[in-house]
Amino acid sequence: MSHQAIRSNLPQLRKRRIAKKKLLRRGTPLKEGNNEEKCEVPIMQSAELDMFGLVGGAADASSAGTSAMHHHHPPYHLRRKSHNFLLTNLKMAVAAGAGASAATVTASPTTASPACISAATAGLPSAATSSTPVLSPTAAITAATAYCPSMLPTRKRPRKTYFTGDSSTGLGCSPAAHYLLYELPDEVLLTIFSYLYERDLCHVAQVCKRFYTIANDNELWKNLYQGLYEYDLPLFNPSPCKFDFVQPEECDYDNPWKESFKQLYHGVHVRENYHKHGGKETGRSVAYFETIQAAFDYCDDMERPLVLIHSGVYRTRLIIETNISLIGAAPGNVAENVILEEERESTVLFNEGAQQAYLGYVTIKFSPHSCNDTVQHHKHYALEIQENCAPTIEHCIIRSVSHLGAAVSVSGPGADPGIRHCEISDCENVGLIITDRAQGHYEDNEISRNALAGIWVKNYANPIMRRNHIHHGKDVGIFCFDGGQGYFEANDIHNNRIAGFEVKAQANPTVVRCEIHNGQTGGIYVHEHGMGQFIENKIHSNKYAGVWITSNSNPTIRRNEIYNGLQGGVYIFGDGRGLIEHNNIYGNALAGIQIRTNSDPIVRHNKIHDGQHGGIYVHEKGQGLIECNEVYANTLAGVWITTGSTPTLRRNRIHSGKQVGVYFYDNGHGLLEDNDIFNHLYSGVQIRTGSNPIIRRNKIWGGQNGGVLVYNGGLGLLEQNEIFDNAMAGVWIKTDSNPILRRNKIYDGREAGICIFNGGKGLLEENEIFRNAQAGVLISTQSHPTQSHPSLRRNQIYDGLAAGIEITNNATATLEHNQIFNNRFGGLCLASGVNPIQRGNKIFSNHDAVEKAVSSGQCLYKISSYTSFPMHDFFRCRTCNTTERNAICVNCIKTCHNGHVVEFIRHDRFFCDCGAGTLNNQCQLQGEPTQDTDTLYDSAAPIESQSLMAEV
């Protein structure tokens, strides 16, 4: 009967199905029942049929099935049928179903296998019957349907059999076929189907919906799949050069094993000693070879061939010049079980023409006989990729035990591979070399424990490297040199013996969002004219500096976190330069940034804080522009400048340090301009031992030991600064120091405005000094061998809570054209024996609170307490046996010590110890005594910084 006649009668068959039943999900056994809906012929796509070479076969089955269904069998009892009768009817049912469905499928030619690799050469058992001899489909059906009386329950009378179908067409089922199609349990059919290979299984799926559902069972295809490909998970090939294992439960396909089977079915298999298996795989069109080279030869004429290499060690050299795909096929860790190894030349070589070649899930080894081998293999590698090719290498293990060659070499213009998820480890040389303008994408690789660098990038190579793990190398992690470039993103680089990333000799990489840590030498090392952009990286816990820049190198270090280094954060030395910008530098054992030996970087917009040492350390003629940084909460000085260094610091916020804000010593120079310096435990600025900085337009406040301290021969120009709200003097000048203070505003200090003592000098010119708790300017010598002798010119000293200018202890000064007014204790107060040089001063509108207190009979302690030291007559009481350190004011002498033997000492600054309650007798003028501890008559000396001078 023609196909057209069959097609014309199909609608009558379909009318008989019961519409209430729904087709169950694929892979789920059907419920028992005798439902003609199950017999509706499913339509399989021609692409799926063609994938397994089934279009022609279905048509053949159709013709055979049609002729068989013309015979009518009488309704005998089913139990009386012989085994041959049951088998014959099952074959007729299968053929009828396949014939009916073939009429709806567009035929396409089936690719025939060559004689040398036809299905007749196949013989491996399927996964489900690994311990059972392989049966042909006919034998499997015969075994599964062999009749015995116990198979069916005993019936009292014969079962009625009936003919389903159209008598005019002859389409229908005999009683035995009806039983096999509808009533045979699913488990029996699954057992039968498990003996079939993929082509026969697809034929069976064309019989009816019931067979279609059972033939698409997930476990059935999983066993079939693992028997051929050996993978533990389905492997998908969604696009060229892309192969991915997917968990079945995460897959979008109803039957992921079958879908993967279809995608890989065109592949050619390489399996060692395959001929020993023998046998014939009917229902399968798979090509097998024993050597990779034989598979290569067979694939010469194919457009995009796929070669699956099964478990084994293949001692061969592969030269790949076409768009072939090679992939390991083994259970467990696939790459560990499929090994390609060579002893004398590069194991795998990609040449021009391999633009879309693929190599995946294998181990590649280069293992020369010995390192003393006479064969020169210094240019041989485990994997070599030459110019003008772009293969993809994924999920490979790559090893080289050669002392002279790297594990992987990518070289030449146009070399542009994709190397992903590979392990390049335990090599006796460099792990990966990219050179001679090569490019490529290198992602998610493990590069570790190599004897030299993990990666070399040189000779203007420009790779893209993302998410690689580069660690525990016995040299540097990544080494860019000789003009090497590249884009490095999100790599984890750690525990390498030298730096994590080294750049030299005009190399200029871009390193973004990498983590570079626990280096045994340092994090990043840029030297010998190296460059590079290092952006948004985490650089931490390195044994030495997080970043080293030296020998005329000029990198950009931006937006990184540089922290917890066992020494410094950024170390710039030996004529180094660089832009250090927007970084967060903290928690390092030494200085956050160190600049030395003529280095001249730009350091701006960084946060440098919480260091166990100082913030920024500039020494040994270091330079640099340091601007707009925030330096705070460091253990030692916020900024150190020493030994001939001349940096420029502008617009920084330097605050909350545990010692000094900015510390100039041992001939430290430079410009300190427009900075905010505040809230330090010691002074905001210290200058000593020959240092001579320019300090201009800064705001210096909140120091617990004063604003600016100049001592031990310090110099400096302090100009147009605001110095205010310091716990002690705004400016200290002592021990032979000689700075210049010009046009500063020094105010709201909790002690004096400016203190000059112990031989201090200096020129104070055109300053405004006001609202300080003690004298605006206090000049004292104490016991220093050199007399304090500053010069004060054209200053305005006003609104002080004590005197304007006080000079004591045989000090002197030159006072010219100053305006001193509106001070509480007077304008100019001179102790006994003091005779300064005075010219053109204007002293007016001062309050003289001391004289008013004396004239009113008050104890002077009432107006001074023990925090201020007004200058007036100084007495002692011999009767009470007080010393010169215990001063008594004139009113207490007259009242509290009336009738005692008293002695005038001098006119000087002090507070009254009688009123303070420190003497034996109680003060009659003051009332209740105030606790005190015999405070000295002069301001307390400042605490000198104990800043260390450790060097890396």
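Computed from a predicted model, the values in this text were never measured in an experiment.

Student: Help me understand the overall build of the protein chain in this model?
Tutor: Check the secondary structure of the protein chain and you find 17 helices and 76 strands. Considering only residue pairs separated by 6 or more positions, the protein chain has 57% of its internal contacts joining residues 24 or more positions apart. Surface summary for the protein chain: the accessible area is close to 37800 Å², and the carbon and sulfur share equals 48%.

Student: Can you help me understand the pairing of strand S60 (residues 731–734) in this one?
Tutor: The side chains of a regular strand alternate, first on one face of the sheet and then on the other. Burial along S60 is two-sided: Val731 and Ile733 facing one way and Trp732 and Lys734 facing the other are all buried. By the bridge criterion, three bridges tie strand S57 (residues 708–711) to S60 in an arrangement that is parallel. The residue bridging valine 708 from the neighbouring strand is valine 731, located in S60.

Student: What am I meant to see in the packing of helix H10 (residues 218–229) against helix H11 (residues 256–264) here?
Tutor: One can describe the packing of H10 onto H11 by two numbers: an axis separation of 8 Å at closest approach and a directional angle of 35°. Considering the relative orientation of H10 and H11, their crossing is left-handed. Seen from H10, the contacting residues are Asn218, Trp221, Lys222, Leu224, Tyr225, Gln226, Leu228 and Tyr229; seen from H11, they are Pro256, Trp257, Lys258, Ser260, Phe261 and Leu264. Of the residues belonging to the contact of H10 with H11, the class tally is nine nonpolar, three polar and two charged.

Student: What exactly am I supposed to notice about the side chain of arginine 688 here?
Tutor: Along the chain, arginine 688 falls in strand S54 (residues 685–688). Although arginine 688 is buried, it makes no salt bridge; aspartate 666 carries the closest opposite charge, 4.6 Å away.

Student: What exactly am I supposed to notice about H10 here?
Tutor: Along an α-helix, residues three or four apart share an orientation, since each turn contains 3.6 residues. Given a rise of 1.5 Å per residue, 12 residues ought to cover 16 Å, and the 16 Å separating the end C-alpha atoms of H10 matches this to within 8%. Of the residues making up H10, those classed as buried are Leu220, Trp221, Leu224, Tyr225, Leu228 and Tyr229. Around the axis of H10, the buried residues are gathered within 130° of arc, so they sit on the same side. The N-cap residue of H10 is aspartate 217: its side-chain oxygen and the backbone nitrogen of glutamate 219 are 3.1 Å apart. A positive backbone phi angle near 75° is found at glutamate 230, which sits one or two residues after H10.

Student: Whenever I open this one, the pattern of salt bridges confuses me. Can you help?
Tutor: Side chains that differ in sign of charge can pair as their charged atoms come close. What the rule picks out here adds up to 42 salt bridges. As a salt-bridge pair, arginine 513 and glutamate 489 come within 2.5 Å of each other at their nearest N and O atoms. Of this pair, arginine 513 sits in the loop between strand S31 (510–512) and strand S32 (515–517) while glutamate 489 is found in strand S28 (residues 487–489), placing the two residues 24 residues apart along the sequence. Taking the relative accessible area as the measure of exposure, arginine 513 reaches 41% and is therefore partly exposed.

Student: Could you clarify how one ought to interpret the nonpolar core in this entry?
Tutor: General note: in soluble globular proteins, nonpolar side chains tend to be found buried as a group. Counting residues in each nonpolar core, the largest one holds 186 residues, and the members touching the most others are Phe193, Phe350 and Phe501. The dominant element in this core, judged by the number of residues it contributes, is H10, at six residues. Leave out the neighbours within four places in its chain, and phenylalanine 350 touches Ile320, Ala357, Leu359, Leu383, Glu384, Ile385, Gln386, Cys389, Pro391 and Ile393. Core analysis: the second largest hydrophobic core is formed by 19 residues, Tyr617, Val660, Leu709 and Met728 among them.

Student: Is there a simple way to think about the environment of leucine 715 in this case?
Tutor: Assignment of secondary structure puts leucine 715 in the loop between S57 and strand S58 (717–719). In the structure, leucine 715 is positioned 25 residues away from isoleucine 740 in sequence and 7.5 Å away in space, judged by C-alpha atoms.

Student: Please clarify how the packing of aromatic side chains should be interpreted in this entry.
Tutor: Aromatic ring pairs are reported here in terms of the distance separating the ring centres and the angle at which the planes meet. Counted according to the given criterion, the structure contains 37 aromatic pairs. Taken together, a centroid distance of 5.4 Å and an interplanar angle of 65° make the contact between tyrosine 225 and tryptophan 257 edge-to-face. Of this pair, tyrosine 225 sits in helix H10 while tryptophan 257 is found in helix H11, placing the two residues 32 residues apart along the sequence. With a relative accessible area of 5%, tryptophan 257 lands in the buried category. On the numbers, 5.0 Å between centres and 10° between planes, the contact of phenylalanine 821 with phenylalanine 844 is stacked. You can see phenylalanine 821 sitting in strand S71 (residues 819–821) and its partner phenylalanine 844 sitting in strand S74 (residues 842–844), a full 23 residues away along the chain. The class of phenylalanine 844 is partly exposed, set by a relative accessible area of 34%. Counting every residue linked through ring pairs, the aromatic cluster contains Trp221, Tyr225, Tyr229, Tyr231, Phe245, Trp257, Phe261, Tyr265 and Tyr361.

Student: In this structure, what is going on with helix H7 (residues 186–193)? I would like to understand it.
Tutor: By the burial criterion, the buried members of H7 are Asp186, Leu189, Ile192 and Phe193. One side of H7 holds all its buried residues, which, seen down the axis, span an arc of 120°.

Calculation notes
Residues numbered from 1 in each chain as written. Predicted model: local features only at pLDDT ≥ 70, side-chain atom pairs only at ≥ 80, totals over all residues. Heavy atoms only, no water. Helix = DSSP H or I, 4+ residues; strand = E, 2+ residues; numbered from the N terminus. Contact = heavy atoms within 4.5 Å. Areas by Shrake-Rupley, 256 points an atom, 1.4 Å probe, with all protein chains shown as cover. Buried < 20%, exposed > 50% of the residue type's maximum accessible area, 1.4 Å probe, protein only. Pairing = 2+ DSSP bridges. Axes fitted to C-alpha atoms, helices over the stretch in contact; angles between N-to-C directions. Left-handed = near helix turned anticlockwise from the far one by under 90°. Nonpolar A, V, L, I, M, F, W, Y, C, P; charged D, E, K, R; others polar. Lys, Arg positive; Asp, Glu negative; His and termini not counted. Salt bridge = Lys/Arg side-chain N within 4 Å of Asp/Glu carboxyl O. Expected span 1.5 Å × (residues − 1). Arc of directions from axis to C-beta. Polar contact = N/O pair within 3.5 Å; in protein donor to acceptor, adjacent residues only side chain to side chain. Core = buried A, V, L, I, M, F, W, Y, C linked by side-chain atoms within 4.5 Å. Phe/Tyr/Trp six-rings, centres within 6.5 Å; stacked < 30°, edge-to-face > 60°.

Keep in mind these numbers describe shape, not what the thing actually does.
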